[in-house]
Amino acid sequence: MKEQIKKDYELILETLLKKGLFHIYQTSFSVRTENDRFIINKQDAVFTENNIFTEIHYQEDLSWKEASLDAKIHSSIYQKISTAKCIAHIFPINLVTYSLYHHQFKPIDYYGVNVIGKKEIYEIEDYENFTEKLESIIYPKLSSENIFIIKGYGAYIYDRDLKELAKKASILENSANILLKIKHV
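Note that the structure is predicted; figures quoted are calculated from it, not measured. (Residues numbered from 1 in each chain as written. Predicted model: local features only at pLDDT ≥ 70, side-chain atom pairs only at ≥ 80, totals over all residues. Heavy atoms only, no water.)

Peer 1: I'm lost on the side chain of Ser 30 in this one. Help?
Peer 2: Locating Ser 30 in the fold gives a position in strand β1 (residues 28-34). Engagement of the side chain of Ser 30 in a polar contact is seen with the side chain of His 74, the distance being 2.6 Å. (Helix = DSSP H or I, 4+ residues; strand = E, 2+ residues; numbered from the N terminus. Polar contact = N/O pair within 3.5 Å; in protein donor to acceptor, adjacent residues only side chain to side chain.)

Following this line, the structure appears as structure tokens:
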């Protein structure tokens, strides 16, 4: 079963990479493998290479050394939200661009309206201390909905199903692209 999870992880990661949703250093992707373990991309992973993820325990230990800088956030979400099976921090360029000029994400396309819906865009008030506070900012937002958009930073998404997570990430970026183009028509 764990081998299938790893294969699915790689397949979804490749799909999201092709869509431009993942980048070196700025993004993270994890999947729960056991009740207290998950796989997550390594720090500075080049997503086109092999051996890009590591399996770690929820509690920080030596296995965290090479894990993504988002490992603590992912661990916290898994521990607090039992329905989270997979988590992604994505940096889709159209969504990030849109977030810089708006306070709310309100899709107008069919899939955006029906799958994503309207989302508030969180504004970073203190850039210097933002990463230290990120875990405490993200959990309360994700406890009520499974997508959290942060101005100029990207989005965190969790889901029970890898394919559903990929679908939502893709629709989020496509809807942002449409919104940006509509503004110029």
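That covers the picture; the talk isn't over yet.
Peer 1: So what exactly am I meant to see when it comes to the pattern of salt bridges here?
Peer 2: When the charged atoms of two side chains lie near each other, side chains of opposite charge can form a pair. Per the counting criterion, the structure on display carries 7 salt bridges. Among the ionic pairs, Glu 145 bridges to Lys 119, the shortest N-O distance being 2.7 Å. On the criterion of sequence distance, the pair formed by Glu 145 in the loop between α5 (130-142) and β7 (147-150) and Lys 119 in strand β6 (residues 119-122) is long-range, its members being 26 residues apart. Overall, the relative accessible area of 31% leaves Glu 145 in the partly exposed class. (Salt bridge = Lys/Arg side-chain N within 4 Å of Asp/Glu carboxyl O. Buried < 20%, exposed > 50% of the residue type's maximum accessible area, 1.4 Å probe, protein only.)

Peer 1: Hey, could you run me through the sheet that holds strand β5 (residues 104-105) in this one?
Peer 2: Pairing between the strands of a sheet comes from backbone hydrogen bonds, and it takes one of two forms, parallel or antiparallel. Strand order in this open sheet of 8 strands is β3-β2-β1-β4-β8-β7-β6-β5, and the pairing throughout is mixed. The open sheet terminates on both sides in strands that have one partner only, identified here as β3 (53-57) and β5. Alignment of β1 against strand β2 (residues 37-41), held across 4 bridges, turns out to be antiparallel. Considered in β2, the bridge of Val 31 is made with Ile 39. (Pairing = 2+ DSSP bridges.)

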